[in-house]
Protein chains: 2
Amino acid sequence: MMNEIISSTNITVHPTEESRIHEVDFNNLVFGKKFSDHMFEMKFSEGVWQEPVIKPFGTFEVTPASNVLHYGQAVFEGMKAFYVDENTVNIYRPETHHERFNHSCRRMCIPETSYETFIDALETLIRLDHQWVPKKNGTALYIRPFIFASDNLLAARSSDKFTYQIITSPVGAYYAEGFNPVSLTTPEKYVRAVVGGTGNVKTAGNYAASFLPAQKAKEKGFTQVLWLDAKEQKYIEEVGTMNIHFLIGDTLITPGLNGSILPGVTRRSVIALAKEWGYNVEERKISIDEVFEAYEDGSLKEVFGSGTAAVVSPVGLIEHNGKTIELDREKPGEFAQKCFDEITDIQYGRKEDQFGWVHPVSI
Amino acid sequence: MMNEIISSTNITVHPTEESRIHEVDFNNLVFGKKFSDHMFEMKFSEGVWQEPVIKPFGTFEVTPASNVLHYGQAVFEGMKAFYVDENTVNIYRPETHHERFNHSCRRMCIPETSYETFIDALETLIRLDHQWVPKKNGTALYIRPFIFASDNLLAARSSDKFTYQIITSPVGAYYAEGFNPVSLTTPEKYVRAVVGGTGNVKTAGNYAASFLPAQKAKEKGFTQVLWLDAKEQKYIEEVGTMNIHFLIGDTLITPGLNGSILPGVTRRSVIALAKEWGYNVEERKISIDEVFEAYEDGSLKEVFGSGTAAVVSPVGLIEHNGKTIELDREKPGEFAQKCFDEITDIQYGRKEDQFGWVHPVSI
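Residues numbered from 1 in each chain as written. Chains lettered and ligands numbered in written order. Predicted model: local features only at pLDDT ≥ 70, side-chain atom pairs only at ≥ 80, totals over all residues. Heavy atoms only, no water.

Visitor: What should I look at first to understand the UniProt feature "modified residue: N6-(pyridoxal phosphate)lysine" (unreviewed entry) in chain A in this one?
Guide: Residues and elements named next belong to chain A. As annotated in UniProt, the feature "modified residue: N6-(pyridoxal phosphate)lysine" (unreviewed entry) corresponds to Lys202 in the numbering used here. Among the secondary structure elements, Lys202 is positioned in the loop between strand S11 (182-185) and helix H4 (204-219). Owing to a relative accessible area of 10%, Lys202 belongs among the buried residues under this scheme. When residues no more than four places from it in sequence are discounted, the contact partners of Lys202 are Ala74, Val75, Phe76, Glu77, Gly78, Arg100, Ser104, Tyr207 and Leu262. (UniProt positions renumbered as here; feature names shortened; annotations may be inferred. Helix = DSSP H or I, 4+ residues; strand = E, 2+ residues; numbered from the N terminus. Buried < 20%, exposed > 50% of the residue type's maximum accessible area, 1.4 Å probe, protein only. Contact = heavy atoms within 4.5 Å.)

Visitor: Is there a simple way to explain the pairing of strand S17 (residues 300-307) of chain A in this structure?
Guide: Residues and elements named next belong to chain A. A large share of S17 lies buried, amounting to seven of its eight residues. When strand S14 (residues 243-248) meets S17, the two strands line up antiparallel, connected through six bridges. Each residue of the ladder has a partner; that of Ile244, found in S17, is Gly305. (Pairing = 2+ DSSP bridges.)

Visitor: Help me out: how do you make sense of the environment of B:Glu188 in this one?
Guide: Within the element layout of this structure, B:Glu188 appears in the loop between strand S11 (182-185) and helix H4 (204-219). Sequence-distant contacts of B:Glu188, that is, excluding residues within four places in its chain, are made with B:Lys220 and B:Gln233.

Visitor: Where do I start with the packing of helix H5 (residues 265-276) of chain A against helix H7 (residues 334-347) of chain A in this structure?
Guide: A pair of packed helices can be characterised by two numbers: the angle between their axes and the separation between those axes. All names here are of chain A. At a minimum axis distance of 10 Å, the contact between H5 and H7 shows a crossing angle of 110 degrees. As summarised for this structure, H5 and H7 are arranged roughly perpendicular, according to the angle between their axes. Where H5 approaches H7, its residues Thr266, Ser269, Val270, Leu273 and Ala274 are matched on the opposing element by Phe335, Cys339, Glu342 and Ile343. Here the contact of H5 with H7 is composed, by residue class, of six nonpolar, two polar and one charged. (Axes fitted to C-alpha atoms, helices over the stretch in contact; angles between N-to-C directions. Parallel < 35°, antiparallel > 145°, perpendicular 65-115°, else oblique. Nonpolar A, V, L, I, M, F, W, Y, C, P; charged D, E, K, R; others polar.)

Visitor: What is the right way to read the state of the cysteines from this model?
Guide: Linking two cysteines covalently through their sulfur atoms gives a disulfide. If you walk through the whole model with that rule in mind, you get zero disulfides over all chains. Considering cysteine sulfurs only, A:Cys109 is the nearest to A:Cys105, which forms no disulfide, with 11 Å between them. (Disulfide = S-S within 2.5 Å.)

Visitor: What exactly am I supposed to notice about the pattern of salt bridges here?
Guide: Pairs can form between side chains of opposite charge once their charged atoms are near each other. Summed over the entire model, instances satisfying the criterion amount to 33 salt bridges over all chains. The closest approach of N and O atoms between A:Glu283 and A:Arg267, which form a salt bridge, is 2.8 Å. Residue A:Glu283 is located in strand S16 (residues 280-284), and its partner A:Arg267 is located in helix H5; the two are separated by 16 residues in the primary sequence. For A:Arg267, a relative accessible area of 2% puts it in the buried group. Residue B:Arg157 is joined to B:Asp151 by a salt bridge in which the shortest nitrogen-to-oxygen separation is 3.9 Å. A relative accessible area of 33% means that B:Arg157 is categorised as partly exposed. A residue is classified by how much of its surface remains accessible, and B:Asp151, at 8% relative accessible area, is buried. Three or more residues are tied together by salt bridges with common partners; here these are A:Asp151, A:Arg157 and A:Asp160. (Salt bridge = Lys/Arg side-chain N within 4 Å of Asp/Glu carboxyl O.)

Visitor: Could you clarify how one ought to interpret unusual backbone geometry in this entry?
Guide: Across residues other than glycine, the phi torsion is negative in most instances, and most of the peptide bonds are trans. Residues and elements named next belong to chain B. At Glu46, a residue that is not glycine, the phi angle is positive and equals roughly 50 degrees. Looking at the element boundaries, Glu46 is found in the loop between strand S2 (38-45) and strand S3 (48-49). When its relative accessible area of 78% is taken as the criterion, Glu46 is described as exposed. Positive phi, close to 50 degrees, is recorded for Asn321, a residue that is not glycine. Within the element layout of this structure, Asn321 appears in the loop between strand S18 (311-320) and strand S19 (323-326). Residue classification places Asn321 among the exposed positions, given a relative accessible area of 64%.

What follows is the structure, given as structure tokens:
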């Protein structure tokens, strides 16, 4: 089996001698804790990306002077592949994820990578580790491509060496016990990102910066943070590590990509579906005050987040400056549910993929 | 010799069996490239800092899922120690650096560390590696304490495990060929930090975010970026990775610590000296327009950056929206030179340390 796997872009494949798959309890998958047998790796040095390899997942050595430990020059993507049947696994929107990956690279002074190598690496990994793709509805193979600076020099400047890896991990159903609408609070003194910074790219430092505000929101009893813009603390940007959407009347309103909001892939899917279904769709600035006004006049129908992990995440409660919006706290709204069903039906190959979102891999 | 070294806080010391000091050309020291024989390490797990050790500088293993590679949860300090005579090495303001280190930890959800362990680690490292402290005027032992998240879990939340290391590196004279006033340009569309973000702490992501703007400034022929505030692009924040100061008439004006500016240790020293010398000292908002006005009316005497690497770095040229301020491009101003002389005289023990800035270590 292993020896039959051929990569179209000449990735050298070193198959594992012993699979670790027996260590995994597929009925109790914890997010991002167990990793499939193989990983992809390609190094950048002397101005070019070197030979790509796929090899057993494993540790590597770094020195204490490794650039990434000090200056955070690193980008990543988060995406998923879905079990369709015994012959097919669907990767969800790999081209869109790869576009964003390169966009992140450009902002962070990291050399871009080719889509050919990216998709070949994903296909080859999935064929090699197809038994790691969980089969139950709601489960998926999480895919994490990432690149980090690997010079060993303390100078605070862009590295000359980089390491590009892709690891995969079987993940459980996000909504194993049904949707649970989340509760949000606007942070009192923290902001996630500002136009001109790095909020619109998937770089390491954005996440570490959000840990404290997220922790403080949890301590106050809320699930996540509702981020407002840095300049005026007025316009809504994101929710936790997801994008956010508002259904007001028959209009789906999504904060526009202003330069500090992450351009989410699921965000794009939600917007495309809303248009397809005939809703009015607006990508624009939306203030927290406008949301409260719509709530008060009864036109605020639904609020939900969108992201790779949960697909959609309904919002049941929003707290801002002591005032509260309370929506359905037990179940998602009709629109959020419809988005969730449609996207997951496409992901698992249960419904025709009219948008060309899935990339099927024959296993 | 090695066996006589006793740590006051029970740091276990594993001395190297073979020094690498012969690999170093002390006449051609490159910043942050060669590291002394020993390093400090302490790990955090199960809610507490574990036993501290000093051991030979060397590599360690990480997995591709290591938290710091993905989410950038990491903080550091940059400080220096100076050769005084065959019996003494001076560490510059270790308490102030450690205060800021803990301040950074709090913002980044990293557990704080004790000053006792910190200073004991520094003293023990300096005694063990005293031959690595370069002796020439202008040279120093650069000290890099840092802490990074070391969980191996892809969940985007604060790590439960951390690694705290201190490495040291002999560095050459910053001004081996004399002061060279730098040229600055304000970035057209980038900002360094915003109030509510992480600009006032030394965390990894701040540095990666500045690489592209710094590169673009270099491409335009300028040495460094002059950062303006994120909200209005009007008030001056920092220069490159240093703080900035303006001597206007007899007043030293330094941008106030508004929450997005790094509280520099050398910045504090410069302000203390200016007060001691009887200058008017103002820590407040200063707009780029105010600086241009002072230039035009002749009251702008000097502009200079301050930081651990260069102590002071005179500014010879500032470009903003096509307009230019041109000061002395050949040599530093009188005030900047006086600050440089006074601070370095104290660092090398050539002058009485009336401020209690240096921490002498008997070697």
